[in-house]
Amino acid sequence: MATNIAKPIKRQRIKGDGAWGYTFIAVALIAFAMFTAYPVVSAFIISFQKYKPLGSTYVGFDNYVATLKDPLFWQAMKNTVVYTILTVPVNLCISMAIAILILPFRKSTQTFFKAVYYLPAVASGVALSVVWLWIFDPMEGGILNQLIRFFGFSNQNWLGSSSTAMFSLVLMSWLSSHGTSIIIYLAGLLGIDDTYYEAAEMDGANFFQKLWYIVVPALKPATLFLLVTGVIGSFQVFQNAYLMTGGGPNNATTMVGLLIFNNAFTFFDFGKAAAQSLVLAIIIACISVIQFKYAGKDVEY
């Protein structure tokens, strides 16, 4: 009988272009390992500990139980959800509307408007917050108070009142940070074939009919991408609440990201902060899966 003799598998050495390919991605892999993978693994480990620099104590799921029983965590989660609901859909509509308004201009003019709208994205967040603090100044010199006085209303303490603090942060989001979305929507609009518009005009379609039956479906992949990334970004919002209100008044603008920061770097409860960050990550992942399942089932990439 013939005997099958297993032949040793020869390992192929990486040569030429393959070696250069691994060399080029090595920098990105090292950066990912140092600044993404390692912090995530560390946070997972710390979430099960009473963390101390010179010796941590394993506490099991105590940090997670404390998080789920903490009323402030759920208030911060409620604030974050309200902020997300009020900002993300409106920002998408504003960005799409601006992109549609820019579309008829020639290419050089489009480039100018894209640069203007994207400029705040490269500016310092602290500098922008200083400008917005001037706008929301509760005194008579505040720009927003000057505007509402023109219509007969009295001065408002925009950031110092529980009834207006959240609205102020929402208004700040509505009137800024549209540059990336506008560029993506404009790229999607430029990719729509003109024959669709010509056929619609021959059938007597008006502007809103072309917008609803041509533009909106064609931009659905871009909308899904911006919706998912927008929700993720709004659930992680920190800078606006930290610089503008500090989470006040009476925790009316305390977001989950700000709560995690305070627990870690104000109260030095790193274990609880790590547990809250992982709970937030799980919530964001679940929301993203739901968005892809129901909003992206007929989207082609």
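Engineer: It is not clear to me how the overall build of the protein chain should be interpreted in this structure. Could you clarify?
Structural biologist: From N to C terminus, the protein chain includes 14 helices and two strands. Against the compact-globule benchmark of 19 Å for 301 residues, the protein chain has a radius of gyration of 25 Å, which places it well outside the compact range. Expressed along its principal axes, the backbone C-alpha trace of the protein chain runs to roughly 100 × 65 × 35 Å. The buried share of the protein chain, taken over its 301 residues, is 34%. For the protein chain, long-range pairs separated by at least 24 residues make up 65% of all intrachain contacts whose partners lie at least 6 apart in sequence.

Engineer: Sorry if this is basic, but what is going on with the packing of aromatic side chains here?
Structural biologist: Ring pairs (aromatic) are described by centroid distance and by the angle formed between their planes. Summed over the entire model, instances satisfying the criterion amount to 19 aromatic pairs. Aromatic pair Phe44 and Phe48: ring centres 5.2 Å apart, planes at 75°, arrangement edge-to-face. Since its relative accessible area comes to 48%, Phe44 is described here as partly exposed. Taking the centre distance of 5.5 Å and the plane angle of 80° together, the rings of Tyr51 and Phe270 count as edge-to-face. Of this pair, Tyr51 sits in the loop between strand S1 (49-50) and strand S2 (57-58) while Phe270 sits in helix H14 (residues 270-295), and the two are 219 residues apart along the sequence. A residue is classified by how much of its surface remains accessible, and Tyr51, at 33% relative accessible area, is partly exposed. Assessed through its relative accessible area of 26%, Phe270 is described here as partly exposed.

Engineer: Could you clarify how one ought to interpret the environment of Arg149 in this entry?
Structural biologist: In this structure, Arg149 sits in helix H6 (residues 143-150). For Arg149, a relative accessible area of 34% translates into the label partly exposed. Here Arg149 is in contact with Glu140 and Asn155, once residues within four sequence places are set aside.

Engineer: What's the story with the packing of helix H2 (residues 62-69) against H14 in this structure? I'm lost.
Structural biologist: Helix packing for two helices is described by the angle between their axes and how far apart those axes are. Between H2 and H14, the shortest axis-to-axis distance is 8 Å and the interhelical angle comes to 70°. Comparing their axes, H14 and H2 come out roughly perpendicular. Judged by the twist between their axes, the crossing of H2 over H14 is right-handed. Residues Asn63, Tyr64, Ala66 and Thr67 of H2 pack against Gly271, Lys272, Ala275, Gln276, Leu278 and Val279 of H14.

Engineer: Explain the pattern of salt bridges to me, please; I cannot follow it from the model alone.
Structural biologist: Side chains that differ in charge, positive against negative, can pair when their charged atoms come close. Tallied over the full model, the rule gives two salt bridges. Among the salt bridges present, the one from Lys272 reaches Asp70, with a minimum N-O distance of 3.2 Å. Remark: Asp70 occurs in the loop between H2 and helix H3 (71-102) and Lys272 occurs in helix H14; sequence separation between them is 202 residues. You can call Lys272 buried: its relative accessible area is 15%. Take Asp70: its relative accessible area is 14%, and that puts it in the buried class. Between Glu201 and Lys210 there is a salt bridge, and its shortest N-O distance comes to 3.2 Å. On the basis of relative accessibility, which here comes to 16%, the residue Lys210 falls in the buried class.

Engineer: Can you help me understand the nonpolar core in this one?
Structural biologist: The nonpolar side chains of soluble globular proteins are, as a tendency, buried together. Core analysis: the biggest nonpolar cluster contains 36 residues, and Tyr185, Leu189, Val256 and Leu280 have the highest contact counts within it. Mapped by element, the contributors of at least two residues to this core are H3, helix H8 (179-190), helix H9 (194-202), helix H10 (207-218), helix H11 (220-235), helix H13 (256-265) and H14. Element by element, the count of residues in this core is highest for H3, at ten residues. Setting aside its immediate chain neighbours within four residues, Leu189 contacts Ala99, Ile100, Leu103, Val215 and Leu219. Within the second largest apolar cluster, 18 residues are counted, among which are Phe136, Val170, Leu171 and Met244.

Definitions and limits used
Residues numbered from 1 in each chain as written. Predicted model: local features only at pLDDT ≥ 70, side-chain atom pairs only at ≥ 80, totals over all residues. Heavy atoms only, no water. Helix = DSSP H or I, 4+ residues; strand = E, 2+ residues; numbered from the N terminus. Rg over C-alpha atoms; globule rule 2.2 N^0.38 Å. Buried < 20%, exposed > 50% of the residue type's maximum accessible area, 1.4 Å probe, protein only. Contact = heavy atoms within 4.5 Å. Phe/Tyr/Trp six-rings, centres within 6.5 Å; stacked < 30°, edge-to-face > 60°. Axes fitted to C-alpha atoms, helices over the stretch in contact; angles between N-to-C directions. Parallel < 35°, antiparallel > 145°, perpendicular 65-115°, else oblique. Left-handed = near helix turned anticlockwise from the far one by under 90°. Salt bridge = Lys/Arg side-chain N within 4 Å of Asp/Glu carboxyl O. Core = buried A, V, L, I, M, F, W, Y, C linked by side-chain atoms within 4.5 Å.

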